[in-house]
Amino acid sequence: MINVSRRSLLMAGAAAVPAVALGARPATAAALPATGTLPSQLAPFDQAVQNYMSERAISCGQLAVAKNGKLLLARGYGMYSFTRPYRWYARVQPTSLFRVASLSKSITAAAILRLAQDGKLSLTAPVTTLLGLSSAADPRLEKVTLWRLMQHTGGWDRTVTRDPVWNDHTVAASLGTGLPVSHADIIKYVTARPLDFDPGTKVAYANYGYLLLGRIIEKVTGQSYESYVRSTLLEPLGITRMRLGATLREEMPRTEVVYKSALTAKTVLNGSGATVPYPHGGFNMANHDANGGWIASAVDMVRWASAFDSTSPVLNATSRTRAFAKPETGVNSYGSWFGCGWSVRPAGTGLNTWHDGSMPGTFTLLVRQSAGVTWCVLFNRREEEGSPDFDVIDPVLWEAYRKVTSWPTKDLYPTYF
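Attention in this report is confined to the structure presented alongside it. One numbering rule holds for all chains: residues counted from 1, following each sequence as written. For this predicted model, a pLDDT threshold of at least 70 governs which residues receive local features, and a threshold of 80 or more governs which side-chain atom pairs are given and counted, while totals over whole chains, interfaces and linings are taken from all residues. Neither water nor hydrogens contribute to the side-chain values; these are computed over all heavy atoms in the structure.

**Remarks on the overall build of the protein**
For clarity, the threshold we go by: Strands are runs of DSSP state E lasting at least 2 residues, helices are runs of H or I lasting at least 4, and numbering of each runs from the N terminus. With C-alpha atoms as the basis for the radius of gyration, the globule rule is written as 2.2 Å multiplied by the number of residues raised to the power 0.38. Here the term buried applies to any residue with accessible area under 20% of the maximum for its type, exposed to any over 50%, and partly exposed to those in between, with areas from a 1.4 Å probe on protein chains only. The contact rule is simple, with two residues in contact once any of their heavy atoms fall within 4.5 Å.
For the protein, the count of helices and strands is 15 helices and 14 strands. Computed over the C-alpha atoms, the radius of gyration of the protein is 21 Å, within 12% of the 22 Å expected from 2.2 N^0.38 for a compact globule of 417 residues. The dimensions of the protein, computed from C-alpha atoms along their principal axes, are 60 × 55 × 40 Å. Buried residues in the protein amount to 57% of all 417 residues. For the protein, contacts bridging at least 24 residues in sequence account for 69% of all contacts bridging at least 6.

Set out below in structure tokens:
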């Protein structure tokens with residue numbers, strides 16, 4: 001996840017970033033293969049993303065921009081290839097699928113808000129009651145509510161205790177269960193240990209809290225997490241491509257890009273100890289479902305963001321207000337806060353809301369701007385040692401937004417949905 005303080009400052013409309021951050025397209029760089037629709041008025045967005053990808057040797061990317069309920073730009077960049085059972089190549093399309101990582105959190109939080117909207121649960125209910133968890137290891141667990149899970153105030157701090165969702169080998173060794181570990185294994189491992197802080201006293205980003213939210217959704221609905229989200233939240237918006245992602249390349253659809261990383265890891269899918277590419281076996285996508293497991297296109301994600309607009313067919317006004325509510329810890333020193341699956345900052349009479357996502361082989365950003373403009377970028381690579389700063393995509397796109405002097409009017413949603 002991108003540093004909150006940096007993002008908070010940028011979203012406040014801080015001074016334009018230096019030219020070195022924006023970068024000029026290298027004179028020798030070849031233009032990336034591009035697909036989709038680019039209205040001339042939105043060329044600053046397109047050029048910014050192409051520059052950014054070229055400077056970082058990103059092979060696959062997507063960009064989508066919407067305004068006031070209309071999709072105005074939809075682009076795919078680059079090419080990907082894989083062998084199954086023969087090698088083939090494809091251009092990235094506006095509808096190609098990418099892992100969206102922690103952009104998934106707004107989906108999971110919305111599912112919880114919808115269940116509350118429908119009277120199926122209370123947001124003040126404790127996780128111990130909802131999932132039947134013992135508080136023997138730490139009585140404070142009884143104070144962990146749905147609100148606190150969604151707003152990252154539940155009591156787990158990955159800077160103190162390693163993130164259990166990314167710690168499969170330790171979980172397996174501790175429980176003696178072998179690999180792969182399951183959601184139930186991770187929950188058993190964490191529940192047997194004390195919290196890192198009193199629930200509700202501070203904000204600490206916690207993937208584990210969203211893992212628990214996914215299990216609560218399943219317990220309350222009697223459906224799988226994916227089934228409930230697709231039928232109740234996505235299909236009413238006309239979104240049918242989105243699904244939970246797979247770990248291994250051979251299990252992925254051909255419309256999903258290949259993920260790039262220089263890093264390797266010991267597989268978490270079995271006990272062989274084999275060294276694998278980090279994006280394909282160094283972590284288990286199945287365990288990341290509710291905190292980071294969705295695959296989607298950028299056009300899907302800007303469509304998803306409309307679920308939080310006043311015209312939403314899936315969330316009522318109360319649920320939308322709850323999504324962006326301040327946690328009990330209040331506003332941070334930069335004037336922003338974690339809502340339910342979103343970072344939030346006041347902007348004029350409205351709110352800027354955003355979230356990023358990061359996994360080995362994945363980097364993403366979704367922004368809802370207070371004037372009604374939404375953009376999303378998805379990439380098949382994230383920052384690793386020796387690569388340029390990836391976080392600058394946020395100011396890069398804000399700078400592109402400021403360069404737009406007029407907006408197209410043609411709605412592209414019917415082209416892609």
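Continuing now.
**Notes on the state of the cysteines**
Stated formally: In this description, the term disulfide denotes a pair of cysteine sulfurs within 2.5 Å.
For the structure shown, the criterion picks out zero disulfides. The structure places no disulfide on Cys-60, whose sulfur is separated from the nearest cysteine sulfur, that of Cys-376, by 15 Å.

**As for the pairing of strand β14 (residues 373-379)**
We count it as follows: Paired strands, in this sense, are two strands between which DSSP finds at least two bridges.
Burial analysis of β14 places seven of its seven residues in the buried class, the great majority of the element. Residue alternation in β14 divides its side chains into two sets, Val-373, Trp-375, Val-377 and Phe-379 and Thr-374, Cys-376 and Leu-378, and both sets are buried. Relative to β14, strand β2 (residues 60-67) is paired through seven bridges, and the arrangement is antiparallel. Of the residues in β14, the one forming a bridge with Gly-61 is Phe-379. Here six bridges tie strand β13 (residues 362-368) to β14, and the two strands are oriented antiparallel to one another. Across the sheet, residue Val-367 finds its bridge partner in β14, namely Trp-375. Between the end of β13 and the start of β14, which pair antiparallel, lie four residues, with Gly-372 showing a positive phi angle near 100°.

**Regarding the environment of Trp-294**
Here Trp-294 lies in strand β9 (residues 294-296). A relative accessible area of 0% places Trp-294 in the buried class. Each C-alpha atom of the pair Trp-294 and Leu-103 lies 8.2 Å from the other, and the pair is 191 residues apart in sequence.

**A look at the sheet that holds β9**
Heads up, the condition is: Every angle, taken between N-to-C directions, lies between 0 and 180 degrees, and every axis is a line fitted to C-alpha atoms, over only the stretch in contact when it is a helix.
Strand order across the open sheet formed by three strands is β5-β9-β6, with antiparallel pairing between neighbours. Of all strands in the sheet, those bounded by a partner on one side alone are β5 (98-99) and β6 (243-244). Sitting on the sheet, helix α10 (residues 225-234) is in contact with β6 and β9, with an inclination near 40° to β9.

**Topic: helix α8 (residues 183-191)**
Test applied: Two N or O atoms count as a polar contact when they lie within 3.5 Å, although within protein this holds only if one can serve as hydrogen donor and the other as acceptor, and sequence-adjacent residues are included solely when both atoms are side-chain atoms.
Of all the nine residues making up α8, seven are buried; the element is thus mostly covered by neighbouring parts of the structure. For α8, the complete set of buried residues consists of His-183, Asp-185, Ile-186, Ile-187, Tyr-189, Val-190 and Thr-191. In this structure, the buried residues of α8 make contact with α7 (168-175), α9 (207-221) and α11 (289-292). At the N-terminal end of α8, a side-chain oxygen is found 3.3 Å from the backbone nitrogen of Ala-184, two or three residues along, and the residue is Ser-182.

**Observations regarding unusual backbone geometry**
Each neighbour pair has its own omega, and for Leu-179 with Pro-180 the value is 0°, a cis peptide bond. Along the chain, Pro-180 falls in the loop between α7 and α8. A positive phi angle, close to 50°, is found at Asn-68, a residue other than glycine. One can find Asn-68 in the loop between β2 and β3 (70-83). The exposure class assigned to Asn-68 is exposed, which follows from its relative accessible area of 56%. Positioned with a positive phi, His-152 is a non-glycine residue whose angle comes to about 65°. Here His-152 lies in the loop between α6 (146-150) and α7. The exposure class assigned to His-152 is buried, which follows from its relative accessible area of 3%.

**Re the packing of aromatic side chains**
Inclusion rule: Two aromatic rings, drawn from Phe, Tyr or Trp (for Trp, its six-membered ring), form a pair once their centres lie within 6.5 Å of each other, and the interplanar angle then sorts them: stacked below 30 degrees, edge-to-face above 60, tilted otherwise. We call a charge positioned over a ring when the NZ of a Lys or the CZ of an Arg lies within 6 Å of the ring centre and within 35 degrees of the ring normal.
The final tally for this structure, using the stated rule, is 18 aromatic pairs. The interplanar angle of 45° and the centroid separation of 5.8 Å between the aromatic rings of Tyr-205 and Phe-338 together place this pair among those described as tilted. Of this pair, Tyr-205 sits in the loop between α8 and α9 while Phe-338 sits in strand β10 (residues 337-338), placing them 133 residues apart in sequence. We classify Tyr-205 as buried; its relative accessible area is 9%. Accessibility expressed as a relative area gives 8% for Phe-338, which makes it buried. Between Trp-375 and Tyr-401, the aromatic rings sit 5.7 Å apart at their centres with planes inclined by 40°, giving tilted as the arrangement. Pair noted here: Trp-375 is in strand β14 and Tyr-401 is in helix α14 (residues 393-403), with a separation of 26 residues, a long-range link. Of the two residues, Trp-375 and Tyr-401, both sit in the buried class. Sitting over the ring of Tyr-413, Arg-303 keeps its end group 4.5 Å from the ring centre. In this arrangement the basic side chain of Arg-368 is found over the ring face of Trp-342, its NZ or CZ atom lying 5.9 Å from the centre.

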